[in-house]
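What the coordinates show
Next come the chains, spelled out residue by residue.
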Amino acid sequence: MANELSLEEFIRQPDVVDLHAKNDEELLSFLRGREYVRMGKVVSGNNTVIYVRRNKIDDVLRFFGQKHLEHLALPLGLLGTESMKESNILETQMELGLKGKGVLIGFIDTGIDYTNKVFLNEDGSSKIKYIWDQSANGSGPKGYHFGTEYTNEQINDALKSEIPRNIVPHQDVVGHGTFLASIACRKRR
């Protein structure tokens, strides 16, 4: 079934997570004939993103062994809140009265609807410092050779225009990134 899906369709499956791996012959050999893993973009140098069905991550780790572990990051896919509940993060936030004031948060997800009012300050300017659209062609952040980075200044210019997407064309077509970021950025009372 996975081979019938385009890479974009495969990535959007709810049970698919992404990992960073060393891009070499061993990886390419591993990818052949395995429907549960796909290769994405080369990130920098020899590193690439691979997409794996969550229930097959152990197979990837077993195949690569200790010598490749430094190339594998934690799964960063569309995960639920189970891990926050299990690790008592939610309980700790309540006990300590943590509200998130003054905290800068980075999200790696499907994108963000920067025009959503939850991401705007009272004066209409954006709370978002940067957007790195990894699927867009352009100029990525320093040290990265893919995607397009939009600054707070560019986002604010877009918000002042009648058609913001003409200036900053980034969109969250899936909505998951916007949803998660809006939870973290909403005002708590």
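Preceding block: the structure.
Residues numbered from 1 in each chain as written. Predicted model: local features only at pLDDT ≥ 70, side-chain atom pairs only at ≥ 80, totals over all residues. Heavy atoms only, no water.

When helices and strands are tallied, the chain shows seven helices and five strands. Counting from the amino terminus, the chain carries its helices and strands in the arrangement α-β-α-β-β-α-α-α-β-β-α-α. (Helix = DSSP H or I, 4+ residues; strand = E, 2+ residues; numbered from the N terminus.)

This brings us to helix α7 (residues 176-185). Listing the buried residues of α7 in full gives Gly-177, Thr-178, Ala-181 and Ser-182. With its buried residues spanning 125° around the axis, α7 presents them on a single face. (Buried < 20%, exposed > 50% of the residue type's maximum accessible area, 1.4 Å probe, protein only. Arc of directions from axis to C-beta.)

Take the nonpolar core next. Core analysis: the largest hydrophobic core is formed by 13 residues, its most contacted members being Leu-27, Phe-30, Val-37, Ile-50, Val-52 and Val-60. Those elements that provide at least two residues to this core are β1 (16-22), α2 (25-31), β3 (47-53) and α3 (57-68). Judged by nonpolar contacts, the second largest core, of 11 residues, contains Tyr-114, Phe-119, Ile-128 and Ile-131. (Core = buried A, V, L, I, M, F, W, Y, C linked by side-chain atoms within 4.5 Å.)

Side chains of Val-103, Ile-105 and Phe-107 sit close together on the surface and give an oily, nonpolar patch of about 270 Å² of accessible area. You can see Val-103 is positioned in the loop between α5 (89-96) and β4 (130-133). (Patch = residues over 30% accessible without salt bridge, like charges linked within 9 Å, V, L, I, M, F, W, Y side chains within 5 Å. Areas by Shrake-Rupley, 256 points an atom, 1.4 Å probe, with all protein chains shown as cover. Salt bridge = Lys/Arg side-chain N within 4 Å of Asp/Glu carboxyl O.)

Of the two faces of β4, only one is covered, namely that formed by Ile-131 and Asp-133; the face formed by Tyr-130 and Trp-132 stays uncovered. As paired elements, β4 and strand β5 (residues 148-151) share four bridges and run antiparallel to each other. By the bridge assignment for β5, Ile-131 is matched with Tyr-150. (Pairing = 2+ DSSP bridges.)

The subject of this paragraph is the pairing of β1. With respect to burial, β1 is a largely interior element, five of its seven residues being buried. With seven bridges connecting them, β1 and β3 associate as antiparallel partners. Among the inter-strand pairings, His-20 is bridged to a residue of β3, identified as Val-49.

Here we take up the environment of His-145. As for its placement among the helices and strands, His-145 is situated in the loop between β4 and β5. Counting along the chain gives 103 residues from His-145 to Val-42, while the straight-line C-alpha distance between them is 9.1 Å.

This model, assessed by the stated rule, comprises three aromatic pairs. Pairing Trp-132 with Tyr-144 gives two aromatic rings, centres 4.9 Å apart and planes at 55°, and the pair type is tilted. Residue Trp-132 is found in strand β4, and its partner Tyr-144 is found in the loop between β4 and β5; the two are separated by 12 residues along the sequence. We classify Tyr-144 as partly exposed; its relative accessible area is 36%. For the ring pair Trp-132 and Phe-146, a centre distance of 5.3 Å and an interplane angle of 40° mean the geometry is tilted. (Phe/Tyr/Trp six-rings, centres within 6.5 Å; stacked < 30°, edge-to-face > 60°.)

Right, let's talk about helix α6 (residues 152-160) for a bit. Ile-155, Asn-156 and Ala-158 are the residues of α6 that are buried. All buried residues of α6 project into a common sector of 160° when viewed along the axis, lining one side. More than 90 degrees from the buried face of α6, the exposed residues found are Glu-153 and Lys-160. The inward-facing, buried residues of α6 abut β4 and β5. (Contact = heavy atoms within 4.5 Å.)

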